[in-house]
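# Notes for the structure review
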Amino acid sequence: MIANKTILMLPGDGIGPEVMAQAKRVLGWLQDTKRASFTITEDLVGGAAVDVHGVPITEATMEKALSVDAVLFGAVGGPQYDKLSFDIRPEAALLRLRKDLGVFANLRPAKVFDALVDSSSLKPELVRGLDIMIVRECIGGVYFGEPRGIETLPDGTKRGVNTEVYTTMEIERVGRVAFELARKRNNIVCSVEKANVMESGLLWRQTMQALRDAEYPDVTLSHMYADNCAMQLAKNPKQFDVIVTGNLFGDILSDLAAMLTGSLGMLPSATLGAVDASGRRHAFYEPIHGSAPDIAGKGLANPLAQILSLALLLRYSFDMEEDAAAIEAAVERVLATGGRTADIPAEGRERLSTAQMGDALLAELAKSA
Ligand code: IPM
Ligand code: MG
């Protein structure tokens, strides 16, 4: 049994609390079966924090996030907050957490479960066995670049500005994460930018190539423009192994890649920082889906992406590979035996509620105990 580890849970808004409740049950199972002991704290984030504190994340919550071993996040946002200014919108909490934790590498796997091949909008032969890892730079680029803002021009009209900016250091550190991951997979990296129109993209391309030549000569590296990458993902997604790209292109391409798998409700993500001198690193885990306000509170949400995010947490932060794999295998078995929430319907199968999906998963986990 591994030593006491600390986790901060931030369920957030919309379906966040519902799916997090099921992840909690899995953590409970890990503790009950003495696989590990965790100290878990929970706090408000996003709209839930705006409602109580007037800000999407308090300083106290930020401090907790900085002190724990890992943060497990749900989702934030909802239509009632759309009129707030950028700095106090629910999304601001997510961006601040990423930035202040320094978690620069966002790992977004897009993996097709065999049982869900028919849920994809693409033909089965295009997606069967699909397993892509998108590595998205997460604390730089146009999301954070300066100058930014909206100014009023002398004639009274306005001008909105954001800046795409990347330094050698920022490109290299996320590049290393991508090359290291590729070595554990099929050893192929595709680096994506718009070097044909953007200087930051040209620097990205040159830096990735130089890094590969100097440190990862065994890894196959190709370069692709972001628009072409979008097309290739829809046309022949299995050509990719690891894709590495900046913040904005990564945001867009990861939604596209996720949808190839049939359901956003299935996909987890991990966002990792640098390892410090004491061997620790900040890490943040969240499902790729958002807060889905349209189905919130109805017990319809698929909790599997949240539970698979917990599996990534066990793997990357706590080195609990066996338990992570046990959870992933249990998810596969639930799907293979027809366990379906509303987002992944199957002919003739009853649609499970969020909690019933949790029940089905725990039943499978119990078998692996
Ligand atoms: C994501 C989301 C966020 C992003 C939003 C909620 C700020 O779309 O994690 O992909 O744009 O990074
Ligand atoms: Mg997004």
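Residues numbered from 1 in each chain as written. Chains lettered and ligands numbered in written order. Predicted model: local features only at pLDDT ≥ 70, side-chain atom pairs only at ≥ 80, totals over all residues. Heavy atoms only, no water.

### Overview of the packing of aromatic side chains
Applying the stated criterion across every chain yields a total of four aromatic pairs. Seen in terms of ring centroids, Tyr166 and Trp204 are 5.1 Å apart; in terms of plane orientation they differ by 70°. Their pairing is edge-to-face. Here Tyr166, found in the loop between strand E7 (158-161) and helix H6 (168-183), pairs with Trp204, found in helix H7 (residues 199-215); they are 38 residues apart in sequence, far enough to count as distant. Like Tyr166, the residue Trp204 is buried in the burial classification. A centroid spacing of 4.8 Å and a plane angle of 20° characterise the contact between Phe179 and Tyr216, whose relative ring orientation is stacked. Within this pair, whereas Phe179 is found in helix H6, its partner Tyr216 is found in the loop between H7 and strand E9 (220-225), the two being separated by 37 residues in sequence. (Phe/Tyr/Trp six-rings, centres within 6.5 Å; stacked < 30°, edge-to-face > 60°. Helix = DSSP H or I, 4+ residues; strand = E, 2+ residues; numbered from the N terminus. Buried < 20%, exposed > 50% of the residue type's maximum accessible area, 1.4 Å probe, protein only.)

### Comments concerning unusual backbone geometry
For the peptide bond that leads from Glu146 to Pro147, omega is 0°, which places it in the cis range. The residue Pro147 is located in the loop between strand E5 (131-137) and strand E6 (149-152) in this model. Here Lys34, not a glycine, exhibits a phi torsion of approximately 60°, which is positive. As for its placement among the helices and strands, Lys34 is situated in the loop between helix H1 (16-32) and strand E2 (36-42). Judged by relative accessible area, which is 58%, Lys34 ranks as exposed. Residue Ala292 is not a glycine yet carries a positive backbone phi of 40°. Turning to its location among the elements, Ala292 is positioned in the loop between strand E12 (283-287) and helix H10 (304-318). According to the relative accessible area criterion, Ala292 is partly exposed, its value standing at 23%.

### Things to note about the environment of Asp43
Relative to the helices and strands, Asp43 resides in the loop between E2 and helix H2 (47-53). Distance in space between the C-alpha atoms of Asp43 and Thr61 is 6.8 Å, their sequence separation being 18 residues. Every residue in contact with Asp43, bar those within four places of it in the chain, is listed here: Leu8, Met9, Leu10, Pro11, Thr61 and Lys64. Polar contacts involving the side chain of Asp43 include one to the side chain of Thr61, which spans 3.2 Å. Within polar-contact distance, the side chain of Asp43 engages the side chain of Lys64 at 2.7 Å. (Contact = heavy atoms within 4.5 Å. Polar contact = N/O pair within 3.5 Å; in protein donor to acceptor, adjacent residues only side chain to side chain.)

### Digging into the site of ligand 1
Around ligand 1, the neighbouring residues are Glu91, Leu94, Arg98, Arg108, Arg136, Tyr143 and Asp251. The side chain of Arg136 places a nitrogen or oxygen atom 2.8 Å from an oxygen atom of ligand 1. Asp251 places a polar side-chain atom, nitrogen or oxygen, 2.8 Å from an oxygen atom of ligand 1. Relative to its unbound accessible surface of 320 Å², ligand 1 loses 74% to contact with the protein. In terms of residue count, the dominant contributor to the shell around ligand 1 is helix H4 (residues 90-101) (three residues). Of the residues that constitute the shell around ligand 1, the class distribution is two nonpolar, no polar and five charged. (Near = heavy atom within 4 Å. Areas by Shrake-Rupley, 256 points an atom, 1.4 Å probe, with all protein chains shown as cover. Nonpolar A, V, L, I, M, F, W, Y, C, P; charged D, E, K, R; others polar.)

### Some thoughts on the packing of H1 against helix H12 (residues 354-368)
Packing of H1 against H12 brings their axes to within 10 Å, and their N-to-C directions diverge by 20°. By the criterion of interaxial angle, the relationship of H1 to H12 is roughly parallel. The interaxial crossing formed by H1 with H12 has right-handed handedness. Facing Glu18, Val19, Gln22, Arg25, Val26 and Trp29 of H1, the residues of H12 in contact are Thr354, Ala355, Gly358, Asp359, Leu361, Leu362, Leu365, Ala366 and Ser368. Tallied by class, the residues present in the contact of H1 with H12 amount to eight nonpolar, four polar and three charged. (Axes fitted to C-alpha atoms, helices over the stretch in contact; angles between N-to-C directions. Parallel < 35°, antiparallel > 145°, perpendicular 65-115°, else oblique. Left-handed = near helix turned anticlockwise from the far one by under 90°.)

### Focus: the domain arrangement of the protein chain
Splitting the protein chain by domain gives domain 1 (1-104 + 273-369) and domain 2 (108-263). Taking only C-alpha atoms into account, the centre of domain 1 sits 24 Å from that of domain 2. Counting residues at the interface gives 16 residues for domain 1, matched by 20 residues for domain 2. Interface area lost by domain 1 to domain 2 is led by Arg98, Phe104 and Ile288, which between them contribute 41%. Counting across the domain 1 and domain 2 interface gives one salt bridge. When the shortest N-O distance is used, the salt bridge between Lys111 and Glu332 registers 3.8 Å. (Domains from an automatic or database assignment. Buried area = accessible area lost by both parts, 1.4 Å probe. Salt bridge = Lys/Arg side-chain N within 4 Å of Asp/Glu carboxyl O.)

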